[in-house]
Amino acid sequence: MFKAVVIVKRRPTILDPQGKAVEQGAKLLGFNNVKNTRIGKYIEFFVDTDDRDAAEKEVLEYSQKLLSNPIMEDFEYTLEEVK
């Protein structure tokens, strides 16, 4: 079995309205040195197989087809074998 962690982020060229809203809130709270806030998604799940190549393929396809929007977002993942 493998534990996958996927981080999905908006591409740098895409406006991040949620990040802008958080950054404005930070300024209201006195965090004046905070710049360029970007909000992403952290997703973790398990893949029930003993084959690392099969697990990587499944994580990649799952991330491309369901977890991210390929037009606006990029993703990265890690895969860790668990006992």
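Before any of the text, the structure's been laid out above.
As a starting point, this report considers the structure included with it. Please read these numbers as outputs of a predicted model, since none were measured by experiment. For every chain, the first residue of its written sequence is number 1, and the numbers climb from 1 along that sequence. The model is predicted, so local features are restricted to residues of pLDDT at least 70 and side-chain atom pairs to those at 80 or more, both for listing and for counting; the totals for chains, interfaces and linings are taken over all residues. Hydrogens and waters are ignored; side-chain quantities use all the structure's heavy atoms.

Let us look at the overall build of the protein. Looking only at helices and strands, the protein has two helices and three strands in total. Going from the N terminus to the C terminus, the protein shows its helices and strands as β-α-β-α-β. C-alpha atoms define the radius of gyration, and 2.2 Å times the number of residues to the power 0.38 defines the globule rule. Relative to the 2.2 N^0.38 estimate, which gives 12 Å for 83 residues, the radius of gyration of the protein is 16 Å and therefore markedly larger than a compact globule would have. Principal-axis analysis of the C-alpha atoms gives the protein an extent of 50 × 30 × 15 Å. Only protein chains enter the accessibility calculation, which uses a 1.4 Å probe; a residue whose area is less than 20% of its type maximum is buried, one above 50% is exposed, and one in between is partly exposed. Scored against the burial criterion, the 83 residues of the protein give a buried share of 24%. Look at the contacts in the protein between residues 6 or more apart in sequence, and 70% of them connect residues 24 or more apart. Using the Shrake-Rupley algorithm and a 1.4 Å probe, accessible areas are obtained, with residue cover drawn only from the displayed protein chains. When the accessible surface of the protein is split by element, carbon and sulfur atoms take 54% of a total near 6,200 Å². Averaged over its 13 positive side-chain charges, the protein has a centre that lies 11 Å from the centre of its 15 negative ones. Strands here mean DSSP runs of E at least two residues long; helices mean DSSP runs of H or I at least four residues long; both are numbered from the N terminus. Note on contacts: a residue pair is in contact if any heavy atoms of the two residues lie within 4.5 Å. Charge counting follows a simple rule: Lys and Arg are positive, Asp and Glu are negative, and His as well as the terminal groups are ignored. Each charge is placed at NZ for Lys, CZ for Arg, CG for Asp and CD for Glu.

With that settled, consider the side chain of Ser-68. Within the secondary structure layout, Ser-68 lies in the loop between helix H2 (52-67) and strand E3 (73-81). On the accessibility criterion, Ser-68 (9% relative accessible area) is buried. As used in this structure description, the phrase polar contact means that two N or O atoms lie within 3.5 Å; if the pair is within protein, one of them must be able to donate a hydrogen and the other to accept it, and residues adjacent in sequence are counted only when both atoms belong to side chains. Within polar-contact distance, the side chain of Ser-68 engages the backbone oxygen of Ser-63 at 2.8 Å. Residues in contact with Ser-68, not counting those within four places in the same chain, are Val-8, Ser-63, Glu-73 and Phe-75.

Now for the packing of aromatic side chains. Each Phe, Tyr or Trp ring, with Trp reduced to its six-membered ring, pairs with another whose centre is within 6.5 Å; inter-plane angles below 30 degrees give stacked pairs, above 60 give edge-to-face pairs, and intermediate values give tilted ones. This model, assessed by the stated rule, comprises one aromatic pair. Aromatic pair Phe-45 and Tyr-62: ring centres 4.9 Å apart, planes at 90 degrees, arrangement edge-to-face. Of this pair, Phe-45 sits in strand E2 (residues 41-47) while Tyr-62 sits in helix H2, and the two are 17 residues apart along the sequence.

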